[in-house]
Structure formats: structure tokens, C-alpha cells
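Next come the chains, spelled out residue by residue.
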Amino acid sequence: METMQATGNNIIMKVNGTTICYDDLGRGSLPIIFIHGFPFDKSSWQPQMDFLKSTQRVIAYDIRGFGKSTYGNEKLSINLLADDLIKLMDGLEIGEAIVCGLSMGGYILLNAVDRYPERIKAIILCDTQCIADTPEVRDKRNQTISHIIASGLNDFTEGFIKNIFCDKSLESKIEAVEEIKQIILSTRTETITVTLGALMQRNEMCTSLSSISVPALILCGKEDKVTPPVEAEFLHNKIKNSSLQIIDNAGHMSNLEQADVFNSYLDNFISDLRMSND
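What comes next concerns the included structure. Only a predicted model underlies this, so the values are computations on that prediction, with no experimental measurement involved. (Residues numbered from 1 in each chain as written. Predicted model: local features only at pLDDT ≥ 70, side-chain atom pairs only at ≥ 80, totals over all residues. Heavy atoms only, no water.)

Our focus in this paragraph is the state of the cysteines. Evaluated as defined, the whole model comprises 1 disulfide. The thiol of Cys-21 is unpaired, and the distance to the nearest cysteine sulfur, on Cys-100, comes to 19 Å. Lacking any disulfide linkage, Cys-100 is separated from the closest cysteine sulfur, that of Cys-126, by 3.5 Å. For Cys-100, a relative accessible area of 0% puts it in the buried group. (Disulfide = S-S within 2.5 Å. Buried < 20%, exposed > 50% of the residue type's maximum accessible area, 1.4 Å probe, protein only.)

Structure follows, in C-alpha cells:
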């Protein structure tokens, strides 16, 4: 049964002690919810929203502290961000949904499907991984936090951009690269540093992968340096009902770098899911 909710862009809802801004477009009884990565906002899903909104109900939201969502007063953690997802679904009267998460969005999704399996109909894990930070990565994050506090976001943003897009995209996807750069630069410094702390403290989710029983699509850019294809292959090998697609000429932002290819995989997965449920 479809619920009648306000639809459109930049809708505001009080959720779990904060204010979440979201887009809710299209119609359908089984919504698809998109969770963006760090340190982006919901606009990073625009190619997917535009592609699917004519045939599906699609929702993308700003994680607390990012975009137009407020930070709230609670200490940030992946647990809290997964709770936000479920509370947003509650507010929208969505019993279950297909959920798609990229990078940190994937961390949130793995946490949510582990703790709230009855709310997730299928998962799409994009350019993400199940491991926790190693001590070396934690040290690097702490150094990054110190540098941002001392010098601001410019150096961090320049280095980050070069790491998340493959070389070809940096040359040919100039508009997308610039849009992501501006999103990062417009984010509050405190949000960036606090979220780096939450990423650093996240639990590993690898041991829970074998308990995932819902259909799963795993997507990864072939040239992803942040969460490389070997991590996607590990997810695929451990999640029973999963399929894996490695996307050529894409880095960590595969949904933007090769949007048409990415969207075709999404469309096929959703179509197969609908057929199996009919």
C-alpha cells in the first residue's frame, strides 16, 4: 500500500533528535532510499534520482550535519546514523525499503541491515567495505583532523578529490568533480572532523555478512583507491544472495563517474527484485 506523503525536494522532517532534509520523488510501493558518502550530501545521488523517479519512489537524504540536515546534540556514531535511517523510514511510514549506500553510506547500511533486518528488503552496497579502521588508518585520520582544525578545508579537499575520482574522471568529468569539491568546502569544519572521528570508531561488520539474507547488489569502481575492488569481492563472497559488478573507468565515485553503467545495474537489480516478488 502506498502512503500519501508530501513529495518533492528539500523536505524537512524532525528525526531522532535532529532535522533531516530529504528529497522524495516518484511513486511506488517499495521505495529506494539512497545514503550518501563522506563528506557529500544527497545531491551526489542526482543521476540516480533523475533516472529512477519516473518508475520508482526514490528518496535521498542529507546525513545529519551534512547538506541541509542539522547536526543535533548526540555524539556521532555509525549506530546513530543507522538509527536515523530507520527513524526517517518511520516518519515516512515506510515499513521496508531497498536501501543503497555508497562508502560511509555503505557502513550505515551494513549496520542497519544487521540491527534492523526486518526493515530492509534489499541492499545495494557501492564502493564500500566491512572492515574497521586499522591503527595506521586511525593515526592518519587523527593527523587529518589536526590539519583541518589548524588550516581549514582547502588542502584536505584538494587531496580528497584526487583520491576519490580516477584520473580519467578528473580530466573528463570536470563539472561533477567541481560540484563535489564545492559540497565539501561548504560543509562545516566541525562536521567533517567529528565525522572522521565516527568513522575511526566504527565497528567491523565483516563477521555479520553471513547473516544477511536479503538480495544484495555490490558495485565498485575498478580504480577505486579508497575501498578497492578486493573489498567488494570480499563482500560478495560472504553475502549469500549477492551479485557483484566492477565498473570500468571509475574510482570511488562510480555513481557519478559512470552514471549510465551504474544506473543500468541498479535498474536490472530492481527489475529482478520486482519479478521475484510478483
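From this point on, the discussion continues.
Time to look at helix α9 (residues 229-238). An α-helical turn contains 3.6 residues, so a residue and the one three or four places further along point in the same direction. Three or more residues of α9 are buried, namely Pro-229, Glu-231, Ala-232 and Leu-235. Across the axial projection of α9, the buried residues extend over an arc of 155°, all falling on one side. Seen from the open side of α9, the exposed residues pointing more than 90 degrees away from its buried face are Val-230 and Asn-237. For α9, the secondary structure elements touched by its buried residues are α3 (104-115), β6 (120-126), β7 (216-221) and β8 (242-247). (Helix = DSSP H or I, 4+ residues; strand = E, 2+ residues; numbered from the N terminus. Arc of directions from axis to C-beta. Contact = heavy atoms within 4.5 Å.)

What follows concerns unusual backbone geometry. Cis geometry is found at the peptide bond from Phe-38 to Pro-39, where omega equals 0°. Here Pro-39 is to be found in the loop between β3 (32-35) and α1 (46-52). Phi angles above zero are rare outside glycine, and Asn-16 is one such case at about 50°. Within the fold, Asn-16 resides in the loop between β1 (8-15) and β2 (18-25). The phi angle at Asp-127 is positive, at roughly 45°, despite the residue not being glycine. Considering the arrangement of structural elements, one finds Asp-127 in the loop between β6 and α4 (135-151).

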